[in-house]
Amino acid sequence: MSRVASREIAGMFDRISRSYDFLNHFFSFGTDRRWRRIAIRRLDLSSGCRILDCGAGTGDMSLTALERVEGISAVLLDPAQAMLNIADSKSGSIRPQDYRLVRGVAENLPFPSESFDRFMVAFGVRNFVDLEKGMRELHRTLKRGGKGAVLEFTPDRARLINRMFQWYMKHVMEPLGALISHDREAYTYLSRTVERFSTSAELMALFSEVGFTCTENKRLSLGIARLFILEKT
């Protein structure tokens, strides 16, 4: 995929930014919040940790971490400026000096090597233009001994669960998302990226290839979502 494709994806998220949070919580019945809390706990955050939230979107993951753990800081990076603007508006009582917003892409992170103690990507790696390059950049910018959390939808679920999930995406999420966001193209795209994304085994192989050790591959909600915890040794 080209830079043009990257700009098109960013533009799509800009268009749906106002309805994005509502639809995420609505379609998951709020379960996406629990998935993020589990991921944050598995990262073993402590005071002094510097976090990169890559593909941060509206910031649900990193803002939750900042609210729950004292003394940490976060950089929220996303190609869609409108999404970052919403994240900023949601920061509430979080001190402005504890987070920074950066417009950018995973494949070309504007940070020195070994800048972060932790990274997190919540339902964003399937939108990377070049998944391998993006993961190599996350590896480069993570300190040795650091950890990363990747939350994502993968197609390797139990057959019945997968059929139910596919039906729900096609007949509920896609049409309702198009109706509420007024953007059918965006929700068709999002549905297709979930359908066509890598299996957990394929992701594990890629993580290993770029230098990560995957210490956890956890099914969430009967395998609807997956949590990967990665370490740089």
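Heads up: the structure comes first, above all this text.
These figures come from a predicted structure and were not determined experimentally.

1. Observations regarding the side chain of Ser62
Part 1 of the argument: You can see Ser62 is positioned in helix H3 (residues 60-68).
Part 2 of the argument: Judged by its relative accessible area of 1%, Ser62 is buried.
Part 3 of the argument: Sequence-distant contacts of Ser62, that is, excluding residues within four places in its chain, are made with Asp53, Ala74, Leu76 and Met120.

2. Quick word on the nonpolar core
Part 1 of the argument: Leu45, Ile72, Leu151 and Leu227 are the most contacted members of the largest nonpolar core, which has 34 residues in total.
Part 2 of the argument: Those elements giving two or more residues to this core turn out to be helix H2 (31-42), H3, strand S2 (73-78), helix H4 (81-89), strand S4 (116-122), strand S5 (142-152), helix H6 (159-181) and strand S7 (225-231).
Part 3 of the argument: Excluding its chain neighbours within four sequence positions, the residues that come into contact with Leu45 are Ile40, Ile51, Ala65, Val69, Ile72 and Arg118.
Part 4 of the argument: Residues Leu52, Leu77, Leu142 and Leu206 belong to the second largest nonpolar core, which totals 26 residues.

3. Section: the packing of H2 against H3
Part 1 of the argument: Direction vectors running N to C along H2 and H3 enclose 60 degrees, while the axes themselves pass 10 Å from each other. Of the possible angle classes, the one that applies to H2 and H3 is oblique. Crossing geometry of H2 relative to H3 is assigned as right-handed. Note on element contacts: H3 touches H2 through Asp60, Met61, Thr64, Ala65 and Arg68, opposite Arg36, Arg37, Ala39 and Ile40.
Part 2 of the argument: The class makeup of the residues in the contact of H2 with H3 is four nonpolar, one polar and four charged.

4. Examining the environment of Pro96
Part 1 of the argument: Residue placement: Pro96 occurs in the loop between H4 and strand S3 (99-103).
Part 2 of the argument: Here the alpha-carbon distance between Pro96 and Ser208, two residues 112 residues apart in the chain, equals 36 Å.

5. Things to note about the sheet that holds S7
Part 1 of the argument: The seven strands lie next to each other as S3-S2-S1-S4-S5-S7-S6, forming an open sheet whose pairing is mixed. Looking along the sheet, the strands with just one partner apiece sit at the ends: S3 and strand S6 (213-220). Neighbour-to-neighbour, the strand axes of the sheet open up by a mean angle of 15 degrees, direction not taken into account.
Part 2 of the argument: Judged from the seven bridges that link them, S6 and S7 form a sheet pairing that is antiparallel. In the strand pairing of S7, Asn217 is matched with Phe228.

Each value, and the rule that gives it
Residues numbered from 1 in each chain as written. Predicted model: local features only at pLDDT ≥ 70, side-chain atom pairs only at ≥ 80, totals over all residues. Heavy atoms only, no water. Helix = DSSP H or I, 4+ residues; strand = E, 2+ residues; numbered from the N terminus. Buried < 20%, exposed > 50% of the residue type's maximum accessible area, 1.4 Å probe, protein only. Contact = heavy atoms within 4.5 Å. Core = buried A, V, L, I, M, F, W, Y, C linked by side-chain atoms within 4.5 Å. Axes fitted to C-alpha atoms, helices over the stretch in contact; angles between N-to-C directions. Parallel < 35°, antiparallel > 145°, perpendicular 65-115°, else oblique. Left-handed = near helix turned anticlockwise from the far one by under 90°. Nonpolar A, V, L, I, M, F, W, Y, C, P; charged D, E, K, R; others polar. Pairing = 2+ DSSP bridges.

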